[in-house]
Amino acid sequence: MKKYVCSVCGYIFDEAKGIPEAGIAPGTRWEDLPGDWVCPICGATKEEFDKQGESAAPTEKKKNPVIEASTDMHELSPLEISALCTNLARGCEKQYKPEEADLFKELAGYFKTASAPAKDPDFNKLIALIEKDLEEGFLSANVVVSDARDRGALRALVWNEKVTRILESLLTRYQKEGDAMFENTGVYVCTICGFVYIGDTLPDICPVCKVPNWKFEKIEGR
């Protein structure tokens, strides 16, 4: 019997043990799990699991990727400025600077209101951008951080990569399931690392950054 490990939260599905409490009997093979089965801890799809102990195929050694600065610079859109101000507000909150946080929130709200609706939104384009980040952006960032021996930044990158993988997984699921994916269930976001959880019962701790579940916020409305 084999074991499969979730690449996001580390949960292990053991074919020998199954998950009796979820109706999956001991001895259930990985291939026999439903195609829409997801990790019971973080909600990652089957595609996000790796077979435990399986050696990776030999690959050609490549130079560490380095992303050059873009020569095609552009002015930030109102929505991008809104997102930036929202992140700055979060940072101020963590540093116990409520006045600065309120100002950045006000700016974020203003620029969000001033932003135009997206033209021809395309899930495939969004997923392609996420995949580019996973294949190039994180590799390059890890090289820089490793060279600088910045342990804090390295930990943040580990969290960020896991969260990005689960977002890719959720977008892929949404393409298949549509709004039915959110029917009769809750959507929660970890305020520390950004991990998104869809379900009725939150895990005791965030599967990415390990903070207690009271650090999660429930997303209301659309």
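Everything below is about the structure printed above this text.
Since this is a predicted model, take the numbers as computed values, not measurements.

Participant: Whenever I open this one, helix H4 (residues 151–177) confuses me. Can you help?
Facilitator: For the α-helix, the turn length of 3.6 residues means that residues three or four positions removed from each other point alike. In this model, H4 (27 residues) spans 39 Å end to end at C-alpha, consistent with the 39 Å of a helix rising 1.5 Å per residue. Taken together, the buried positions of H4 are Leu157, Val163, Thr164, Ile166, Glu168, Ser169, Leu170, Leu171 and Arg173. Where H4 is buried, its residues meet helix H3 (123–148) and strand S5 (196–199). Capping the start of H4 is the job of one residue whose side-chain oxygen sits 3.2 Å from the backbone nitrogen of glycine 152: aspartate 150. Glycine 178 occupies a position one or two residues after H4 and carries a positive phi of about 65 degrees.

Participant: Would you mind going over a nonpolar patch on the surface with me for this structure?
Facilitator: Side chains of Leu76, Leu84 and Leu88 sit close together on the surface and give an oily, nonpolar patch of about 250 Å² of accessible area. Within the secondary structure, leucine 88 sits in helix H1 (residues 78–94). Owing to a relative accessible area of 36%, leucine 88 belongs among the partly exposed residues under this scheme.

Participant: How should I be thinking about the packing of aromatic side chains in this particular structure?
Facilitator: Working definition: an aromatic ring pair is given by the centre-to-centre distance plus the angle between the planes. Summed over the entire model, instances satisfying the criterion amount to ten aromatic pairs. Considering the side-chain rings of phenylalanine 13 and tryptophan 30, the 5.8 Å spacing of their centres and the 50 degrees angle between planes classify their relative orientation as tilted. With a gap of 17 residues between them, phenylalanine 13 in strand S2 (residues 12–14) and tryptophan 30 in the loop between S2 and strand S3 (49–51) connect regions that are remote in the sequence. Owing to a relative accessible area of 10%, tryptophan 30 belongs among the buried residues under this scheme. Ring geometry for tyrosine 110 versus phenylalanine 111: centroids 5.1 Å apart, planes at 80 degrees, classification edge-to-face. With relative accessibility at 54%, the residue tyrosine 110 sits in the exposed group. These aromatic residues form a ring-pair network of at least three members: Tyr4, Phe13, Trp30, Trp37 and Phe49.

Participant: Honestly, the sheet that holds S3 in this entry has me stumped. Any pointers?
Facilitator: Each strand in a sheet pairs with another by means of backbone hydrogen bonds, the pair being arranged parallel or else antiparallel. Pairing is antiparallel across the open sheet formed by three strands, whose spatial order is S2-S1-S3. Across the chains shown, the open sheet's two edge strands, defined by having one partner strand only, are S2 and S3. For this sheet, the mean angle separating the axes of adjacent strands, direction not counted, is 25 degrees. Relative to S2, strand S1 (residues 3–6) runs antiparallel, the two sharing three bridges. Bridging across to S2, lysine 3 finds its partner in aspartate 14.

About the thresholds
Residues numbered from 1 in each chain as written. Predicted model: local features only at pLDDT ≥ 70, side-chain atom pairs only at ≥ 80, totals over all residues. Heavy atoms only, no water. Helix = DSSP H or I, 4+ residues; strand = E, 2+ residues; numbered from the N terminus. Expected span 1.5 Å × (residues − 1). Buried < 20%, exposed > 50% of the residue type's maximum accessible area, 1.4 Å probe, protein only. Contact = heavy atoms within 4.5 Å. Polar contact = N/O pair within 3.5 Å; in protein donor to acceptor, adjacent residues only side chain to side chain. Patch = residues over 30% accessible without salt bridge, like charges linked within 9 Å, V, L, I, M, F, W, Y side chains within 5 Å. Areas by Shrake-Rupley, 256 points an atom, 1.4 Å probe, with all protein chains shown as cover. Salt bridge = Lys/Arg side-chain N within 4 Å of Asp/Glu carboxyl O. Phe/Tyr/Trp six-rings, centres within 6.5 Å; stacked < 30°, edge-to-face > 60°. Pairing = 2+ DSSP bridges. Axes fitted to C-alpha atoms, helices over the stretch in contact; angles between N-to-C directions.

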